[in-house]
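Understanding the architecture of this molecule
As a plain string of letters, each chain reads:
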Amino acid sequence: MGINKRRYVLVGTGSRAQMFIDSLATRYREECDLVGICDPNPARLEYHSDRIIHHLNYHEVPVFSSDDF
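Described below are features of the structure shown in this document. (Residues numbered from 1 in each chain as written. Predicted model: local features only at pLDDT ≥ 70, side-chain atom pairs only at ≥ 80, totals over all residues. Heavy atoms only, no water.)

A word on the overall build of the protein
The condition is simple: Every helix listed is a DSSP run of H or I at least four residues long, and every strand listed is a run of E at least two residues long, numbered separately from the N terminus. The globule rule used for comparison is 2.2 Å times the number of residues to the exponent 0.38, while the radius of gyration itself is calculated over C-alpha atoms. The classification of residues rests on relative accessible area computed with a 1.4 Å probe and restricted to protein chains. Under 20% of the type maximum is buried, over 50% is exposed, and intermediate values are partly exposed. A contact between two residues is defined here by any heavy atoms of the two lying within 4.5 Å. Values of accessible area rely on a 1.4 Å probe in the Shrake-Rupley scheme; residue burial ignores everything except the protein chains shown. Residues scored as charged are limited to Lys and Arg (positive) and Asp and Glu (negative), so that His and the chain ends carry no count. For charged residues, the charge sits on one atom: NZ in Lys, CZ in Arg, CG in Asp, CD in Glu.
From N to C terminus, the protein includes two helices and three strands. The order of helices and strands in the protein, counted from the N terminus, is β-α-β-α-β. Taking 2.2 N^0.38 as the reference for a compact globule, 69 residues should give roughly 11 Å; the C-alpha atoms of the protein span a radius of gyration of 12 Å, in line with that estimate. Taking the principal axes of the C-alpha coordinates as reference, the protein spans close to 40 × 25 × 20 Å. Expressed as a percentage of the 69 residues in the protein, the buried residues total 32%. Pairs at least 24 residues apart make up 75% of the contacts formed inside the protein by residues separated by at least 6 positions. As displayed, the protein has an accessible area near 5,000 Å², and 51% of this comes from carbon and sulfur atoms. If the 8 positive side-chain charges of the protein are averaged to one point and the 10 negative ones to another, these points end up 9 Å apart.

Let's talk about the nonpolar core
To keep it simple, the criterion reads: We call a set of buried Ala, Val, Leu, Ile, Met, Phe, Trp, Tyr and Cys residues a nonpolar core when their side-chain atoms join them within 4.5 Å.
Of all hydrophobic cores here, the largest spans 13 residues; its most connected members are Leu 10, Ile 21, Leu 34, Ile 37, Ile 52, Tyr 58 and Val 61. Elements that contribute at least two residues to this core include exactly helix 1 (17–27), strand 2 (32–39) and helix 2 (42–54). When residues in this core are grouped by element, the largest group, four residues, is from helix 1. Leave out the neighbours within four places in its chain, and Leu 10 touches Ala 17, Phe 20, Ile 21, Leu 34, Gly 36, Ile 37 and Cys 38.

Quick look at helix 1
Counting along an α-helix, one turn takes 3.6 residues, and residues three or four places apart therefore face a common direction. For clarity, the cut-off: By arc we mean the arc of the directions from the helix axis to the C-beta atoms, nothing more.
Those residues of helix 1 that fall on the buried side of the exposure criterion are Ala 17, Ile 21, Leu 24 and Ala 25. Down the axis of helix 1, the buried set is contained in an arc of 90 degrees. They therefore lie on one face. Of the surrounding secondary structure, the elements contacted by the buried residues of helix 1 are strand 1 (6–11), strand 2 and helix 2.

As structure tokens, then:
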């Protein structure tokens, strides 16, 4: 039986976001699952989305505009 991972959505991708994204996608990968990121700035969403996949070797994470939230 597998463990139930805690699921996280990061709302806001400002200066502290990288710290949380990196921890969830690396150190806490076995216990946690980053399932979305949300921000009003499309450039930030694109930056973090690309970084999550290519730099952190993590699965694709859905992105949401703050209007969706």
